[in-house]
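Understanding the architecture of this molecule
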Amino acid sequence: MYSEKVMDHFNNPRNVGEIENASGVGTVGNAKCGDIMRIYLDIDDEGIIRDCKFKTFGCGAAVATSSMATELVKGKSIQEAMQVTNKAVMEALDGLPPVKVHCSLLAEEAIHAALWDYAQKHGITIEGLSRPKSDIHEGEEAEEEDY
Ligand code: FES
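Now for a look at the structure at hand. Everything numeric in this text was worked out from a predicted model, so none of it was measured.

**Observations concerning the nonpolar core**
Ranked by size, the top nonpolar core spans 41 residues in total, and within it Ile39, Leu41, Val73 and Leu115 carry the most contacts. Those elements that place two or more of their residues in this core are strand 2 (35-43), strand 3 (49-57), helix 2 (60-73), helix 3 (78-82), helix 4 (86-92) and helix 5 (101-122). Here this core takes 12 residues from helix 5, the largest share from any one element. Among all residues touching Leu115, those that are not within four sequence positions of it are Leu41, Ile43, Ile78, Ala81, Met82, Ile126 and Leu129.

**A closer look at the side chain of Ser104**
Position of Ser104 relative to the elements: it lies in helix 5. At a separation of 3.3 Å, a polar atom in the side chain of Ser104 contacts the side chain of Asn86.

**A short note on the pattern of salt bridges**
Per the counting criterion, the structure on display carries 6 salt bridges. Its salt-bridge partner being Lys55, residue Glu18 comes within 2.4 Å of it at the nearest N-O pair. Here the residue Glu18 occupies a position in the loop between helix 1 (4-11) and strand 1 (24-30), and Lys55 occupies one in strand 3, the gap between them amounting to 37 residues. A relative accessible area of 46% means that Glu18 is categorised as partly exposed.

**Examining the sheet that holds strand 1**
The strand order 1-2-3 describes an open sheet built from 3 strands, whose pairing is antiparallel. Looking along the sheet, the strands with just one partner apiece sit at the ends: strand 1 and strand 3. Taken pair by pair, the neighbouring strands of this sheet meet at an average axis angle of 15°, ignoring direction. Pairing analysis gives 8 bridges linking strand 2 to strand 3, with the strands arranged antiparallel. The partner of Ile36 across the bridge, within strand 3, is Phe57. Where helix 2 meets the sheet, it contacts strand 2 and strand 3, and its direction lies at approximately 175° from that of strand 3.

Parameters and conventions
- Residues numbered from 1 in each chain as written.
- Predicted model: local features only at pLDDT ≥ 70, side-chain atom pairs only at ≥ 80, totals over all residues.
- Heavy atoms only, no water.
- Core = buried A, V, L, I, M, F, W, Y, C linked by side-chain atoms within 4.5 Å.
- Buried < 20%, exposed > 50% of the residue type's maximum accessible area, 1.4 Å probe, protein only.
- Helix = DSSP H or I, 4+ residues; strand = E, 2+ residues; numbered from the N terminus.
- Contact = heavy atoms within 4.5 Å.
- Polar contact = N/O pair within 3.5 Å; in protein donor to acceptor, adjacent residues only side chain to side chain.
- Salt bridge = Lys/Arg side-chain N within 4 Å of Asp/Glu carboxyl O.
- Pairing = 2+ DSSP bridges.
- Axes fitted to C-alpha atoms, helices over the stretch in contact; angles between N-to-C directions.

Shown next, in the form of C-alpha cells:
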C-alpha cells in the first residue's frame with residue numbers, strides 16, 4: 001500500500017523538532033481526521049531557507065509527508081519553496097494511496113502558513129501566497145469523493 005520512500009520517511013523522519021526563534025512558524029490541522037502539523041522555518045537575510053523542522057501529531061502518511069516536505073524546502077528560496085506543493089511532495093514519495101492525499105495537503109498548507117508568518121513578521125508580500133486556513137478541511141466537503 002505504501003511506497004518504500006513513505007515507509008522510510010515514516011520510520012526515520014527527517015528534521016523532527018522545533019527551531020527556537022524561528023523566522024516563521026505555521027500550524028495547520030484537519031478537523032476531519034484530527035491531525036495537526038507544525039512547520040518551523042529558519043530563513044536568512046537573503047531569503048534562503050536555512051533550516052526547517054516539523055512536529056506532526058498525525059497519521060503515518062502525515063509524518064512521511066512532513067518529513068519529505070522539510071527536505072524539499074531546505075536550502076531553497078522562498079519562491080522555490082512555494083513550488084513545494086502537495087503534488088511535489090507526493091511525487092517525491094513515489095505516491096500516496098488516494099485516501100491519504102489529504103495528508104500531503106497538510107504539509108503544503110503548513111509550509112504556506114510558516115511562510116505567511118514570516119511575511120507578516122517582516123512586512124513583506126510573497127507572490128502567490130494568501131492567508132492560510134488553520135483547518136484544511138474547511139471548504140473541502142464538496143470534494144469529498146476525491147479522498
Ligand atoms: Fe489526516 Fe493523515 S489521516 S493527515
